[in-house]
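Topology and contacts: notes
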Amino acid sequence: MTFGSETLPQLSNGTPLPKSVTSVIGLSGQKQLARKILTACHARRDIADPDMLGRYESRLRLSAAPLYHATNMLVALYSGEHPAARLARHAGLRFAQYLPFIRHGISAMLRR
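1. Section: the overall build of the protein chain
- The secondary structure content of the protein chain amounts to 4 helices and 2 strands.
- Seen in sequence order, the protein chain has helices and strands lined up from the N terminus as β-β-α-α-α-α.
- Within the protein chain, the proportion of its 112 residues that are buried is 20%.
- Long-range pairs, those at least 24 residues apart, make up 45% of the contacts in the protein chain between residues at least 6 apart in sequence.
- If you sum the accessible surface of the protein chain, you get close to 8,400 Å²; carbon and sulfur atoms cover 65% of it.

2. Thoughts on the pattern of salt bridges
- Within the structure shown, the criterion is met by 1 salt bridge.
- For the salt bridge of Arg61 with Glu57, the shortest nitrogen-to-oxygen distance reads 3.2 Å. In this pair, Arg61 and Glu57 are both assigned in helix 2 (residues 50-79), 4 residues apart and thus about one turn of the helix distant.
- Classification of Arg61 as exposed rests on a relative accessible area of 58%.

3. Remarks on unusual backbone geometry
- Backbone geometry at Arg44 places phi at a positive 55 degrees, although glycine is not the residue there.
- When you line up the elements, Arg44 lands in the loop between helix 1 (19-42) and helix 2.

4. Let's talk about the side chain of Ser63
- Note on placement: Ser63 falls in helix 2.
- According to the relative accessible area criterion, Ser63 is buried, its value standing at 18%.
- A distance of 3.4 Å separates polar atoms of two side chains, one belonging to Ser63 and the other to Gln32.
- From its side chain, Ser63 meets the backbone oxygen of Leu60 in a polar contact 3.1 Å long.

5. Topic: the side chain of Thr71
- Within the secondary structure, Thr71 is located in helix 2.
- Assessed through its relative accessible area of 10%, Thr71 is described here as buried.

6. Describing the packing of helix 2 against helix 3 (residues 83-97)
- Packing of helix 2 against helix 3 brings their axes to within 8 Å, and their N-to-C directions diverge by 120 degrees. Note on element contacts: helix 3 touches helix 2 through Ala85, Ala88, Arg89 and Leu93, opposite Leu77, Tyr78 and Ser79.
- Among the residues making up the contact of helix 2 with helix 3, the classes are represented as 5 nonpolar, 1 polar and 1 charged.

7. Considerations on a nonpolar patch on the surface
- Together, Phe95, Phe101, Ile102 and Ile106 make up an exposed nonpolar region whose accessible area comes to about 430 Å².
- With 3 residues, the single largest contributor to the nonpolar patch is helix 4 (residues 100-111).

8. Looking at the environment of Ala88
- Along the polypeptide, Ala88 turns up in helix 3.
- Considered as a pair, Ala88 and Leu77 are 11 residues apart in the sequence and their alpha carbons are 7.7 Å apart.

9. Points about the confidence of the model for the protein chain
- Averaged over the protein chain, the pLDDT score is 75; the fraction of residues at 70 or greater is 73%.
- For residues 1-6, every residue scores under 50 in pLDDT, and the model assigns this stretch 8 contacts once sequence neighbours within four places are set aside.

So, how was this worked out
Residues numbered from 1 in each chain as written. Predicted model: local features only at pLDDT ≥ 70, side-chain atom pairs only at ≥ 80, totals over all residues. Heavy atoms only, no water. Helix = DSSP H or I, 4+ residues; strand = E, 2+ residues; numbered from the N terminus. Buried < 20%, exposed > 50% of the residue type's maximum accessible area, 1.4 Å probe, protein only. Contact = heavy atoms within 4.5 Å. Areas by Shrake-Rupley, 256 points an atom, 1.4 Å probe, with all protein chains shown as cover. Salt bridge = Lys/Arg side-chain N within 4 Å of Asp/Glu carboxyl O. Polar contact = N/O pair within 3.5 Å; in protein donor to acceptor, adjacent residues only side chain to side chain. Axes fitted to C-alpha atoms, helices over the stretch in contact; angles between N-to-C directions. Nonpolar A, V, L, I, M, F, W, Y, C, P; charged D, E, K, R; others polar. Patch = residues over 30% accessible without salt bridge, like charges linked within 9 Å, V, L, I, M, F, W, Y side chains within 5 Å. pLDDT = per-residue confidence, 0-100.

The structure is reproduced here in structure tokens:
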């Protein structure tokens, strides 16, 4: 999906990622890239070194994967009208009410 000249990340079903998710992934990625660039500068290495950028990309994909896949699963669950999906939604919401540590864990993951 494009927004102006910007291409927004999408889930596997074509739904764009929520802006809050892309912001968190984007800020985390910027921080990681800034560290890589500073390290390369201090070592007087090329900041556009393909190996360094490849390692950055791999690390970013690994750190973003859990949030990406969790969001993808939630979209599939909440957009499905199959009776099993409706039952899972209802049970999941009821179950989550009694597990505040899960909400806190998700919040902490989004703040990193």
